[in-house]
Amino acid sequence: MTTDQEPQSNAAPDLICLGAIAGAYGVRGEVRLKSFCAEPEAIADYTPLTSEDGRQSYAVTLTRPIKNGFAARLPGVETKEEADALKGLRLFAPRDRLPALPDDEFYHADLIGLTVVDTGGTELGKVRAVMDHGAGDLLEIAAPGASATVLLPFTREAVPTVDLDARRIVADPPEGLF
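What comes next concerns the included structure. (Residues numbered from 1 in each chain as written. Predicted model: local features only at pLDDT ≥ 70, side-chain atom pairs only at ≥ 80, totals over all residues. Heavy atoms only, no water.)

1. Describing the overall build of the protein
Along the protein, the regular secondary structure elements total two helices and 15 strands. Seen through its C-alpha atoms, the protein measures out along the principal axes to roughly 55 × 30 × 25 Å. Out of the 178 residues in the protein, the part that is buried amounts to 40%. Across the protein, the fraction of contacts at a sequence separation of at least 24, relative to all contacts at a separation of at least 6, is 54%. Approximately 9600 Å² of the protein is accessible, and the part contributed by carbon and sulfur atoms is 49%. Treating the 17 positive side-chain charges of the protein as one cloud and the 28 negative ones as another, the clouds have centres 8 Å apart. (Helix = DSSP H or I, 4+ residues; strand = E, 2+ residues; numbered from the N terminus. Buried < 20%, exposed > 50% of the residue type's maximum accessible area, 1.4 Å probe, protein only. Contact = heavy atoms within 4.5 Å. Areas by Shrake-Rupley, 256 points an atom, 1.4 Å probe, with all protein chains shown as cover. Lys, Arg positive; Asp, Glu negative; His and termini not counted. Charge placed at Lys NZ, Arg CZ, Asp CG, Glu CD.)

2. As for the side chain of Arg90
Along the chain, Arg90 turns up in strand E8 (residues 90-94). Its relative accessible area of 18% is what places Arg90 among the buried residues. Of note is the side chain of Arg90, whose polar atom sits 3.0 Å from the side chain of Glu52. (Polar contact = N/O pair within 3.5 Å; in protein donor to acceptor, adjacent residues only side chain to side chain.)

3. Considerations on the sheet that holds strand E13 (residues 149-153)
Pairing is mixed in the open sheet, where six strands are placed in the order E13-E12-E11-E10-E15-E14. If you trace the sheet from one side to the other, it starts and ends with E13 and strand E14 (161-163), each paired once. Each neighbouring strand pair of the sheet contributes to a mean axis angle of 35 degrees, computed without reference to strand direction. With six bridges joining them, strand E11 (residues 123-132) and strand E12 (residues 137-142) adopt antiparallel strand pairing. From the neighbouring strand, Lys126 faces E12, where its bridge partner is Ala142. (Pairing = 2+ DSSP bridges. Axes fitted to C-alpha atoms, helices over the stretch in contact; angles between N-to-C directions.)

4. Quick word on the nonpolar core
Ranked by internal contacts, the top residues of the largest apolar core, which has 23 residues, are Leu18, Ile21, Leu49, Val60, Leu74 and Leu91. Residue assignment for this core shows that the elements contributing at least two residues are strand E2 (15-25), strand E3 (30-35) and E8. With four residues, E2 is the single largest residue contributor to this core. Residue contacts for Ile21: discarding those within four places in its chain leaves Val31, Arg32, Leu33, Leu74, Leu86, Lys87, Gly88, Leu89 and Leu91. (Core = buried A, V, L, I, M, F, W, Y, C linked by side-chain atoms within 4.5 Å.)

5. Section: the environment of Leu33
Checked against the element boundaries, Leu33 lands in strand E3. Sequence separation of Leu33 and Ala44 is 11 residues, and the distance between their C-alpha atoms is 11 Å.

6. Focus on the packing of aromatic side chains
On inspection of all chains with the given rule, the structure shows one aromatic pair. A ring pair is formed by Phe106 and Phe154, whose centres lie 6.3 Å apart and whose planes are at 55 degrees; its orientation type is tilted. Separated by 48 residues along the polypeptide, Phe106 in strand E9 (residues 106-107) and Phe154 in the loop between E13 and E14 bring together distant segments of the chain. Just as Phe106 is buried, Phe154 falls in that class too. (Phe/Tyr/Trp six-rings, centres within 6.5 Å; stacked < 30°, edge-to-face > 60°.)

Here it is in structure tokens:
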């Protein structure tokens, strides 16, 4: 129901996070790159990617698949230390360079921050993150006044309506979840 995308972003709404650098790979300046694209290797199709503030641009070249991502080269990064200095850097592409999604798919960035209400209109909280641990997407919802969050399955049964224009989600959560 969603297209892979890194949770939470403070980037401009016209930027979508497509990946993150997880540190150095080897000693010759390659980086470990995590891709958040539905087809992981597609991240290279959107290069150059930018930093969250849009000030830095990175021409990403994938060199080979590795565990949990890719080894990649960035121009100007020649040493392990330079690659390690980029650890945690999230990489973005302008929304208009990404494909349009079918009606039942959403970029994670579009869901974060939406208000979640039940079928009676009672507010349940706000979407804090979208996660996928292998069995399908989950919405992490921060309930008003609660310190703990609730994980709601992002399925048609539990989430019958996503209204991006109204910035809200109508949920029909399983009994006892909230």
